[in-house]
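Structure assessment
Residue strings, one per chain:
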Amino acid sequence: MNRIINIKKYYTCKEHLDKKFDSGRKSRLKAETKEEYLKWKEETRTLLKKVIGLDKMETCELNPETLEVIRLENGITREKVVIQVEPDVYMPFYILIPPVIKTDEIQCFLALPGHSGAGKYSIAGCYEIPAVADKIKEFNYDYGMQLALLGYVVLCPDIRGFGERREEALQTDDESAFINSTCFHLSHMAEPLGQTVTGMNTWDMMRLLDYLKKRNEWKYDKVGCVGFSGGGMLTLWLSALDDRIQQAIISGYLYGYKDSLLTLNGNCSCNYIPHLWEYVDMGDIGALLAPRQVMIQSCRDDHLNGPRGLINVYEQLEIMKKAYRLFGAEENIKHDIREGGHRFHNEVFPLFFHC
Ligand SMILES: [Zn+2]
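Residues numbered from 1 in each chain as written. Predicted model: local features only at pLDDT ≥ 70, side-chain atom pairs only at ≥ 80, totals over all residues. Heavy atoms only, no water.

Examining the overall build of the protein chain
From N to C terminus, the protein chain includes 14 helices and nine strands. Its C-alpha radius of gyration of 20 Å places the protein chain within 12% of the 20 Å reference for a compact globule of 355 residues. By its C-alpha atoms, the protein chain is 65 × 65 × 40 Å across when sized along the principal axes. Within the protein chain, buried positions represent 56% of all 355 residues. (Helix = DSSP H or I, 4+ residues; strand = E, 2+ residues; numbered from the N terminus. Rg over C-alpha atoms; globule rule 2.2 N^0.38 Å. Buried < 20%, exposed > 50% of the residue type's maximum accessible area, 1.4 Å probe, protein only.)

Here it is in structure tokens:
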């Protein structure tokens, strides 16, 4: 016997919210000159820092502690370090140090994790953990290790809710909990306090840059940043708000919010920032990177691009390019398109470093 009734007509909110989205983007990039852009950049940075709750973050001593130093078979030295990012909030990370370090303008990269890779373990190439090895194969997630093998010092952090920073809900030793993250739980705790997961993670990455300065072994004022998917999101935000990032590789995360996060409304909670769409679309945030070097990587069949596919990417890229043109620096923004679904492609590295 059927215990429910069939609903013939649903009364939903989607169309109303779509219209509301269209009347947003009040702080869009409108600048027609470099001067106007610089003014917009300053105002928009101030605004976005408040929107993501950076003004709520509390500073403290870094108190770095080195927990482990291992020489891997491939010649890379892997350090495990923990720093204090806020009072009593700690962030563990790996530092991958190649035997011969690049002497270029940029020596260090932050390599930021996306979802479903157990945080730093996949990015730093911990192939010895079978569940991690599978995820590395699936997404090419070991881009931190790949960069270290190219001669860069690479910092691979656990961002909040990932790896060793999972909140209580996923602190079990089953594989699914190990691989996944507690963004949902963090969002529920943070947002009523006026904070966001994006803001907390952006802050932590700024603290990681502070650590590089404090350590003072490698060039710390010009640093690269790479991330795929959720790691791309954080690369975008960190680069938009902190000029210490001079080169950025954003893979699998550059598209319009309406198609990708409003229509596809089941994405991870860490993507959703109260009030954000009232002010900007993703291309406006990307425009804050101008004129620094950036590579955007998109996969043609990535479902996260939304129902219109790459069109939703091109539109946002065009907003970014407008900012780069004001500097006569359009060559500093590159778009790498790959076939297939949601995946990092490390073929991007030689393309990027020769540009
Ligand atoms: Zn998330």
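After that view of the structure, there is still more to cover.
Here we look at the packing of helix α8 (residues 197–215) against helix α9 (residues 230–241)
One can describe the packing of α8 onto α9 by two numbers: an axis separation of 10 Å at closest approach and a directional angle of 65°. As for how α8 packs across α9, the hand of that crossing is right-handed. Residues Thr198, Asn201, Thr202, Met205, Met206 and Leu209 of α8 lie in contact with α9, whose contacting residues are Met233, Leu234, Trp237, Leu238 and Leu241. For the contact of α8 with α9, a count of residues per class yields eight nonpolar, three polar and no charged. (Axes fitted to C-alpha atoms, helices over the stretch in contact; angles between N-to-C directions. Left-handed = near helix turned anticlockwise from the far one by under 90°. Contact = heavy atoms within 4.5 Å. Nonpolar A, V, L, I, M, F, W, Y, C, P; charged D, E, K, R; others polar.)

Comments concerning a negative patch on the surface
There is a patch of like negative charges on the surface, built from Asp134, Asp173, Asp174 and Glu175. Locating Asp174 in the fold gives a position in the loop between β5 (153–157) and α6 (175–179). Classification of Asp174 by relative accessible area gives partly exposed; the value is 40%. (Patch = residues over 30% accessible without salt bridge, like charges linked within 9 Å, V, L, I, M, F, W, Y side chains within 5 Å. Areas by Shrake-Rupley, 256 points an atom, 1.4 Å probe, with all protein chains shown as cover. Salt bridge = Lys/Arg side-chain N within 4 Å of Asp/Glu carboxyl O. Lys, Arg positive; Asp, Glu negative; His and termini not counted. Charge placed at Lys NZ, Arg CZ, Asp CG, Glu CD.)

Concerning the coordination of the zinc ion
Coordination of the zinc ion by the protein comes from His115 (NE2), Cys183 (SG), Cys268 (SG) and Cys270 (SG), over a distance range of 2.0 to 2.3 Å. Bound by four donor atoms, the zinc ion shows angles of 102 to 116° at the metal and therefore tetrahedral coordination geometry. Between the donor residues of the zinc ion, the gaps in sequence give the motif H-x67-C-x84-C-x1-C. Of this pair, Cys183 sits in helix α7 (residues 183–190) while Cys268 sits in the loop between α10 (257–263) and α11 (276–279); the two residues are 85 residues apart in sequence, bridging distant segments of the chain. Classification of Cys183 by relative accessible area gives buried; the value is 1%. (Donors = N, O, S within 2.8 Å, 3.2 Å for Na, K, Ca; no water. Tetrahedral: all angles 85-135°; square planar, octahedral: opposite > 155°, others 65-115°.)

Here we look at the sheet that holds β5
Backbone-to-backbone hydrogen bonds join strands into a sheet, with any given pair of strands oriented parallel or antiparallel. Pairing is mixed across the open sheet formed by nine strands, whose spatial order is β1-β2-β3-β5-β4-β6-β7-β8-β9. The sheet is open, and its two edges are formed by β1 (65–71) and β9 (333–338), each paired on a single side. On average, each strand axis in the sheet is tilted by 20° relative to the strand beside it, whichever way the strands run. (Pairing = 2+ DSSP bridges.)

A few points about the packing of helix α2 (residues 34–51) against α9
Interhelical geometry of α2 versus α9 gives an angle of 130° and a closest axis separation of 10 Å. Relative to α9, α2 is oriented oblique. Judged by residue contacts, Arg45, Leu48 and Lys49 of α2 engage Trp237, Ser239, Ala240 and Leu241 from α9. Along the lines of polarity and charge, the residues of the contact of α2 with α9 split into four nonpolar, one polar and two charged. (Parallel < 35°, antiparallel > 145°, perpendicular 65-115°, else oblique.)

With respect to the pattern of salt bridges
Pairs may arise between side chains of opposite charge once their charged atoms sit close together. Counted by the stated rule, this structure contains 30 salt bridges. The partner of Arg215 in a salt bridge is Glu217, and the shortest N-O contact between them spans 2.7 Å. For Glu315, the salt bridge goes to Arg308, with nearest N and O atoms at 2.8 Å. Note on Glu315: relative accessible area 36%, which makes it partly exposed. When salt bridges with common partners are traced through the structure, they connect Lys41, Arg45, Asp243 and Arg292 into a single cluster.

Digging into the nonpolar core
By size, the foremost hydrophobic cluster in this structure holds 78 residues, and its most contacted members are Leu110 and Trp237. Here this core takes nine residues from α8, the largest share from any one element. In this structure Trp237 touches Leu48, Ile52, Thr198, Thr202, Tyr257, Ile273, Leu276 and Ile285, once residues within four positions along its chain are discounted. By size, the runner-up hydrophobic cluster in this structure holds 33 residues, among which are Ala111, Phe139, Ile179 and Ile249. (Core = buried A, V, L, I, M, F, W, Y, C linked by side-chain atoms within 4.5 Å.)

Points about the environment of Ile101
Assignment of secondary structure puts Ile101 in the loop between β3 (89–97) and β4 (108–112). Distance in space between the C-alpha atoms of Ile101 and Trp218 is 9.2 Å, their sequence separation being 117 residues. Excluding anything up to four places from it in sequence, Ile101 contacts Gln107, Gly151, Val153 and Trp218.

Notes on α8
Across its 19 residues, α8 extends 27 Å between first and last C-alpha, which sits within 8% of the 27 Å expected from 1.5 Å per residue. Burial runs high along α8: 16 of the 19 residues are buried. Note on α8: the residue one or two positions beyond its end, Asn216, has a positive phi of about 55°. (Expected span 1.5 Å × (residues − 1).)

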